[in-house]
Amino acid sequence: MGRGKVELKRIENKINRQVTFSKRRLGLFKKAQELSVLCDAQVALIVSSSRGKVFDFASTNDVNEILNRYQQSCYSSQDNVAENETQNLYQEVSRLKVKYESLQRSQRHFLGEDLEKLRMKKLENLEKQLDRTLSQARQRKMQMMLDQLEALRRKENDLEEMHKQLKSELEEREKHSDNDDDEALIQGRPGGEPTVAAGASHENISTKTRSANANQQEPTYEYVRA
């Protein structure tokens, strides 16, 4: 039968824990010795027990020899990393310095300064760049002017629309006001009778009066037989 899988956890029994520690430590040192012999490697092990007791193993006669070599290797790696970082930073600073100086020269050339040292080819390139920059500036200026003009047109249209709306509302109010005045005239006199009815009655009275006057003025003729 094969061995069962051992659960890796702390052994609670103190005696069993010490026995297991001794066996595993000896087995670990044995494996280190085999590694050193088989691969011609220098191996150093340091093991500290729960009681604070230190055990060491070295494939050579001295553990400190291997530890010193390890420390030197670590320090050398750190020094190399720091030196590489310093060199990279110096190269980056130098590159940025060159770029900054080039930008300063270009700016002075655009301002018309230090042109005496430039050759014909560089002067032609500078002229082309200035023409291109001027053309772009003019295009941008024209676009801004067109945008402002379009904004003013939209504002004008909005104002015209608002003016039409206010004019329509004013005409509507005047129309309602005239209708109210006409209704007030139709409502009649203070006596309560409608104005139209009163006007009709007055017209009838005037007609009757004229008829009576006509009857009074007409002469009467009597006919007498002979």
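Residues numbered from 1 in each chain as written. Predicted model: local features only at pLDDT ≥ 70, side-chain atom pairs only at ≥ 80, totals over all residues. Heavy atoms only, no water.

1. Quick look at the overall build of the chain
Counting secondary structure elements, the chain contains four helices and two strands. The order of helices and strands in the chain, counted from the N terminus, is α-β-β-α-α-α. In the chain, 19% of the contacts between residues at least 6 apart in sequence involve partners at least 24 apart. Surface accessibility of the chain: about 21,400 Å² in total, with carbon and sulfur atoms responsible for 52%. (Helix = DSSP H or I, 4+ residues; strand = E, 2+ residues; numbered from the N terminus. Contact = heavy atoms within 4.5 Å. Areas by Shrake-Rupley, 256 points an atom, 1.4 Å probe, with all protein chains shown as cover.)

2. Let's talk about the nonpolar core
Counting six residues, the largest nonpolar core consists of Phe29, Ala32, Val43, Val47, Phe55 and Phe57. Residue assignment for this core shows that the elements contributing at least two residues are α1 (14-39) and β2 (54-58). Not counting chain neighbours up to four residues away, the residues in contact with Val47 comprise Phe21, Leu28, Phe29, Lys53, Val54 and Phe55. (Core = buried A, V, L, I, M, F, W, Y, C linked by side-chain atoms within 4.5 Å. Buried < 20%, exposed > 50% of the residue type's maximum accessible area, 1.4 Å probe, protein only.)

3. Digging into the pairing of β2
Sheet analysis places strand β1 (residues 44-48) next to β2, joined by five bridges and oriented antiparallel. When the bridges of β2 are listed, Ile46 appears paired with Asp56. (Pairing = 2+ DSSP bridges.)

4. With respect to the packing of aromatic side chains
Tallied over the entire structure, the rule returns two aromatic pairs. Their ring planes at 55° and their centres at 6.0 Å tell us that Phe21 and Phe55 sit as a pair that is tilted. Placement of Phe21 in helix α1 and of Phe55 in strand β2 is noted, with a sequence separation of 34 residues between them. Its relative accessible area of 24% is what places Phe21 among the partly exposed residues. Taken together, a centroid distance of 5.7 Å and an interplanar angle of 20° make the contact between Phe29 and Phe57 stacked. Highlighted residues: Phe29 in helix α1 and Phe57 in strand β2, separated in sequence by 28 residues. Judged by its relative accessible area of 14%, Phe57 falls in the buried class. Above the face of the Phe55 ring, Arg25 is positioned so that its terminal group lies 4.0 Å from the ring centre. (Phe/Tyr/Trp six-rings, centres within 6.5 Å; stacked < 30°, edge-to-face > 60°. Lys NZ or Arg CZ within 6 Å of the ring centre and 35° of its normal.)

In short, the description is geometric, and any link to function would need to be established separately.
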